[in-house]
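# Overview (structure and organization)
Below, each chain spelled out in residue letters.
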Amino acid sequence: MRKTEKRDKTGHIRKIQYTAISFLIVMIAIVAAVMVNIRHLYGQKEDEKQEKIQIVQTEQDHKDITRLREQLIQYIKENESSREDVGFYIEDLESGDSIELNGDQLYVAASTYKLPLAMVYYDHINAGKMSAEEYEDLLNSMIVNSDNEAAEYLFDNLGGYDEFKRLIASYDDQQEADLAYVSYENEFTPRNMGHILGYLYHHKDAYDPLIKNMKASMPGQFLDRNLNIYFAQKYGSYDWSYNAAGLSLTGHPYSIAIYTTLGDAGETVIGDMNEICFRYFNDSEE
């Protein structure tokens, strides 16, 4: 009887031990599951927090370009220039935002037309339709020195003004969709030239020689007048028309096309306005 009682007593103890161990294992599993769930929820909240931070940073980094328009119009007013005598189109080449004044008004282009003319030739050269060696000197002279004889030869060789305007339509979606958008004279709207500059920037690898020539075009004058940074530009003047179109490739990228009917005072206005733009896009405090 004592042996039986001992076995019963021993067996009862072992049963309690097994139950305690099972209970402990279950509790460990429950705690582990809870910890995993907490980490998952915490991770989601951290991801959401990071996403919110990124959105805020993006909004902070994105400049309100409409403020730049206000500054430029204020400058024109303070300079005692008529708003009808100045037209501009400026685009932030990172965000795609743009501002304009008299953007759809036609202005005498003067030599700024030579910029898209050169682009057409580089398109033909890149496509193997023309020889770079045959036209290199003419293209360099037309952009760097604004050589009219070189431009006239290239222009006539292309097939005249109608053919020229037809070919450059691919640089501006609006022109391509509506040919009435542009004049078949030597006239451009600031918006049309601005769109052409945008195309040039977004395909700049195909136009590397042209951009190098633009940087060598009238350094210290027109768009580069106040900056002296070899601003990539094509300038033009004829009678009362003083114009410039270019790309800022130093610091924050933007395109700028300014057309004026202010006579030689137009060059000063062009230089001042581009300085305002350059400071605006590159001032970290804005």
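What you see is a predicted model, and the numbers here were worked out from it, not measured in a lab. (Residues numbered from 1 in each chain as written. Predicted model: local features only at pLDDT ≥ 70, side-chain atom pairs only at ≥ 80, totals over all residues. Heavy atoms only, no water.)

A separate point is the pairing of strand 5 (residues 232-238). The element strand 5 is extensively covered by neighbouring structure, given that 5 of its 7 residues are classed as buried. The turn linking strand 5 back onto strand 6 (residues 241-248) is made up of 2 residues, and D239 within it adopts a positive phi angle of 55°. (Buried < 20%, exposed > 50% of the residue type's maximum accessible area, 1.4 Å probe, protein only. Helix = DSSP H or I, 4+ residues; strand = E, 2+ residues; numbered from the N terminus. Pairing = 2+ DSSP bridges.)

To continue, consider the confidence of the model for the chain. Mean pLDDT over the chain works out to 84, with 76% of the residues at or above the 70 mark. Below a pLDDT of 50 lies the segment residues 1-16, which in the model reaches 0 contacts outside its immediate sequence neighbourhood of four places, other chains included. Of the regions scoring below 50 in pLDDT, residues 45-60 engages in 0 contacts with residues more than four places distant in sequence or in other chains. (pLDDT = per-residue confidence, 0-100. Contact = heavy atoms within 4.5 Å.)

As a further point, take the pattern of salt bridges. Per the counting criterion, the structure on display carries 5 salt bridges. As a salt-bridge pair, E275 and R279 come within 3.8 Å of each other at their nearest N and O atoms. Linking E275 with R279, this pair stays in helix 10 (residues 265-282), spanning 4 residues, or about one helical turn. (Salt bridge = Lys/Arg side-chain N within 4 Å of Asp/Glu carboxyl O.)

Let us look at the layout of surface pockets. Approximately 270 Å³ is the volume attributed to the largest pocket. Elements supplying a minimum of two residues to the lining of the largest pocket: helix 5 (148-158) and strand 5. Examining the composition of the lining of the largest pocket, we find that 3 residues originate from one element, helix 5, more than from any other. Partitioning the lining of the largest pocket into residue classes produces 6 nonpolar, 4 polar and 3 charged. (1 Å grid on protein atoms, 1.4 Å probe; cavity = no way out; pocket = protein on both sides within 12 Å on 5 of 7 lines; lining within 4 Å. Points joined across faces, edges and corners; volume = space filled by probe spheres on them. Nonpolar A, V, L, I, M, F, W, Y, C, P; charged D, E, K, R; others polar.)

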